[in-house]
Every structure is written in structure tokens, then in C-alpha cells.
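# Coordinate inspection notes
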Amino acid sequence: MTDADMPPSGLVATAKAVVAKTARAKARPQRTKRDWPALLKMIPGYDCNRDAEGFKFEPALADRVCDFFETQLVMIEGECAGNFFQLLPWQQATVGCLFGWVYANGPQQGLRRYRETLIYVPKKNGKSPLCGGLLDYMLLCDGEPGVQAYCAAADKEQANIVFRHAAGMLQRNPGLMAAGKAKVFRTSRCIESNGVNFARVLSADAAGKHGYNSSFVVIDEVHTQPNRELLDVLVAGPLGQA
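Below is a summary of the structure that appears in this document. Since we're looking at a predicted model, the values are computed, not measured.

Time to look at the packing of helix α4 (residues 89-100) against helix α5 (residues 127-140). Two numbers describe a pair of packed helices, the interaxial angle and the distance between the axes. The geometry of α4 relative to α5 is characterised by a closest axis approach of 11 Å and an angle of 35 degrees between their N-to-C directions. The handedness of the crossing between α4 and α5 is right-handed. Touching Trp 90, Gln 91, Val 95 and Phe 99 of α4 are Lys 127, Leu 130, Leu 134, Tyr 137 and Met 138, all from α5.

And the structure:
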């Protein structure tokens, strides 16, 4: 049906939908200048400057990941749906700590200080969107060839929560998908990019999951895992730089 064939009421409804969508979508925000010394103190009970000998914090590396969230990713649900991802202070602190700290010298110079993190926050505080955004970043922007990323949980439906955010935010930015040559396969719960990188959903049934060369792993609700089998299988690999 063309616009000429569409009933007037249909045209009005379509116009209203376009206007509403446009109104919800905010202009792409400018890059933020962040106070990293203050932000890095916001992780409760942890001092990242303790035992930091041999490491250094590179603000540009932390800003790069935060800027990816705030200029490329569009939220898919809740009051912020349709708006660019605005990282909360605790989210900035977490991302900055993970990606900004690197080895200062030696054979590992430039590689990340942290390989694992436990994010423990109450529900409805943005943990799943944050993890979904990190998955998108690792898949498209981290620069490692042949990325193998996994969303895991006690069951596939739980693991699919992070995947849904990752896929949804990616699909809301066609330019980002095109730049990363990304494809989303919702039936098989997989995202592919550049022909060699992929992210998939896994459940706690670790049988047959040995031999994975994981680059990045998100295990949601890790306390519900029946045992350590899935965790040990997925983190036994090199985990890239992460």
C-alpha cells in the first residue's frame, strides 16, 4: 500500500508515530570531560590505587569506552528508551576501572590490569544494559581479531536478557551496524561482526562447552549457578585483553 492508497486516518497515525519517535530521540550528546580521580573512588569498598605498582591509569582509554556508550548506544526500554545511553556515575567508575588501568611497562605493557570483575548491584540499576553495551564494544571496537563473546546464566532465558540489550542497542544504530558489518540473529541468539567475531547465548549446562576460546564473557546472576563448571570452562581461555 502506498501513501496515496493509505486511508487518511492511517496517514495521521503514521505521522504521529514518526513525530513521537523523533521527539523521544535526543540529539547525540557531546563527549563528556570526566573527573576520573573522583569517579574511581565511587566503587564501594575498593581502592583501585592500592596495589597499583606497575600499572597506570590512562584516561583516554577509559573515555573511549564511555564515549562509545554515550554517543553510539540507544536505550531500548524504560523511561530512557530511545535516548542515548547516559552512564550513571557508578557505571562510569566500573567501566573506567576496567578499561583505563593497564600495565605500565614490561612484556604486558598496554594490556589491561583487570581480567575479571563482579558487579553486584540491586535490581533495576542498569546492570543488564551496561553488560550489553560492554558486549557490543568488545565485539565491534576492541580491535581483537576473532572475538568470541558469550552471555551465560543459569538458563538461556536469563542469559538472553543481556543479549537482548546488546542486540537491541546495536539495531537502533544502523550506522554502527554497517561500520562493524554486524548481523543480529535473534532466533539463534547470536550477533556476528566483520565475518569473524561473534557473541552467543549459553546456559548453565556446560556439557560439550569445552574448548571455547573466550574473549569476553558475561555471566548473569552468577550466584544462581549450580556449580563452577560453566564458569571454569568459559574463563579457562585467554579472555583476550579483558
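Now for α5. Taking 1.5 Å per residue as the helical rise, α5 with its 14 residues ought to reach 20 Å, and the 20 Å between its terminal C-alpha atoms agrees with that figure. A large share of α5 lies buried, amounting to 14 of its 14 residues.

This part is about the pairing of strand β6 (residues 197-202). The buried fraction of β6 amounts to 5 of the 6 residues, a majority that puts the element mostly inside the structure. Strand direction decides the pairing type here: strand β3 (residues 148-152) and β6, joined by 5 bridges, are parallel. Considered in β6, the bridge of Ala 152 is made with Leu 202. In this sheet, β6 lies alongside strand β5 (residues 190-193) in antiparallel orientation, the contact comprising 4 bridges. Note that in β6 the partner of Cys 190 across the bridge is Arg 200. Taken together, β5 and the strand that follows it, β6, pair antiparallel across an intervening segment of 3 residues, in which Asn 194 is found at a positive phi of about 55 degrees.

Our focus in this paragraph is the pattern of salt bridges. Across all of its chains, the model carries 9 salt bridges by this definition. For Glu 70, the salt bridge goes to Arg 34, with nearest N and O atoms at 3.1 Å. Here Glu 70, found in helix α3 (residues 59-72), pairs with Arg 34, found in the loop between α1 (8-24) and α2 (36-39); they are 36 residues apart in sequence, far enough to count as distant. The partner of Arg 189 in a salt bridge is Glu 157, with the nearest N and O atoms 2.8 Å apart.

One number sums up the size of the largest pocket: a volume of about 1500 Å³. Along the wall of the largest pocket there are 49 residues; nearest its centre are Ile 119, Lys 127, Ser 128, Cys 131 and Asp 220. When residues in the lining of the largest pocket are grouped by element, the largest group, 5 residues, is from α5. A volume near 420 Å³ is recorded for the second largest pocket.

One finds Phe 69, Leu 135 and Ile 191 to be the most contacted residues of the largest nonpolar core, which totals 52 residues. With 9 residues, the next largest nonpolar core counts Tyr 150, Ala 152, Ile 219 and Leu 230 among its residues.

Within the fold, Ser 215 resides in the loop between β6 and β7 (216-219). Of the residues examined, Ser 215 reaches a relative accessible area of 3% and is grouped as buried. Looking at Ser 215, its side chain comes within polar contact range of the side chain of Glu 144, at 3.4 Å.

Within this structure, the stated rule accounts for 9 aromatic pairs. Pairing Phe 68 with Phe 69 gives two aromatic rings, centres 6.3 Å apart and planes at 85 degrees, and the pair type is edge-to-face. Grouping residues by exposure puts Phe 68 and Phe 69 together as buried. With a centroid separation of 5.4 Å and an interplanar angle of 70 degrees, the aromatic rings of Phe 68 and Tyr 137 are classed as edge-to-face. Placement of the pair is Phe 68 in helix α3 and Tyr 137 in helix α5, with a sequence separation of 69 residues. Exposure class is identical for Phe 68 and Tyr 137. Each is buried. Each member of the aromatic cluster is reached from another via a ring pair, and the members are Phe 68, Phe 69, Phe 85, Phe 99 and Tyr 137. Above the face of the Phe 55 ring, Arg 113 is positioned so that its terminal group lies 5.1 Å from the ring centre.

Parameters and conventions
- Residues numbered from 1 in each chain as written.
- Predicted model: local features only at pLDDT ≥ 70, side-chain atom pairs only at ≥ 80, totals over all residues.
- Heavy atoms only, no water.
- Axes fitted to C-alpha atoms, helices over the stretch in contact; angles between N-to-C directions.
- Helix = DSSP H or I, 4+ residues; strand = E, 2+ residues; numbered from the N terminus.
- Left-handed = near helix turned anticlockwise from the far one by under 90°.
- Contact = heavy atoms within 4.5 Å.
- Expected span 1.5 Å × (residues − 1).
- Buried < 20%, exposed > 50% of the residue type's maximum accessible area, 1.4 Å probe, protein only.
- Pairing = 2+ DSSP bridges.
- Salt bridge = Lys/Arg side-chain N within 4 Å of Asp/Glu carboxyl O.
- 1 Å grid on protein atoms, 1.4 Å probe; cavity = no way out; pocket = protein on both sides within 12 Å on 5 of 7 lines; lining within 4 Å.
- Points joined across faces, edges and corners; volume = space filled by probe spheres on them.
- Core = buried A, V, L, I, M, F, W, Y, C linked by side-chain atoms within 4.5 Å.
- Polar contact = N/O pair within 3.5 Å; in protein donor to acceptor, adjacent residues only side chain to side chain.
- Phe/Tyr/Trp six-rings, centres within 6.5 Å; stacked < 30°, edge-to-face > 60°.
- Lys NZ or Arg CZ within 6 Å of the ring centre and 35° of its normal.

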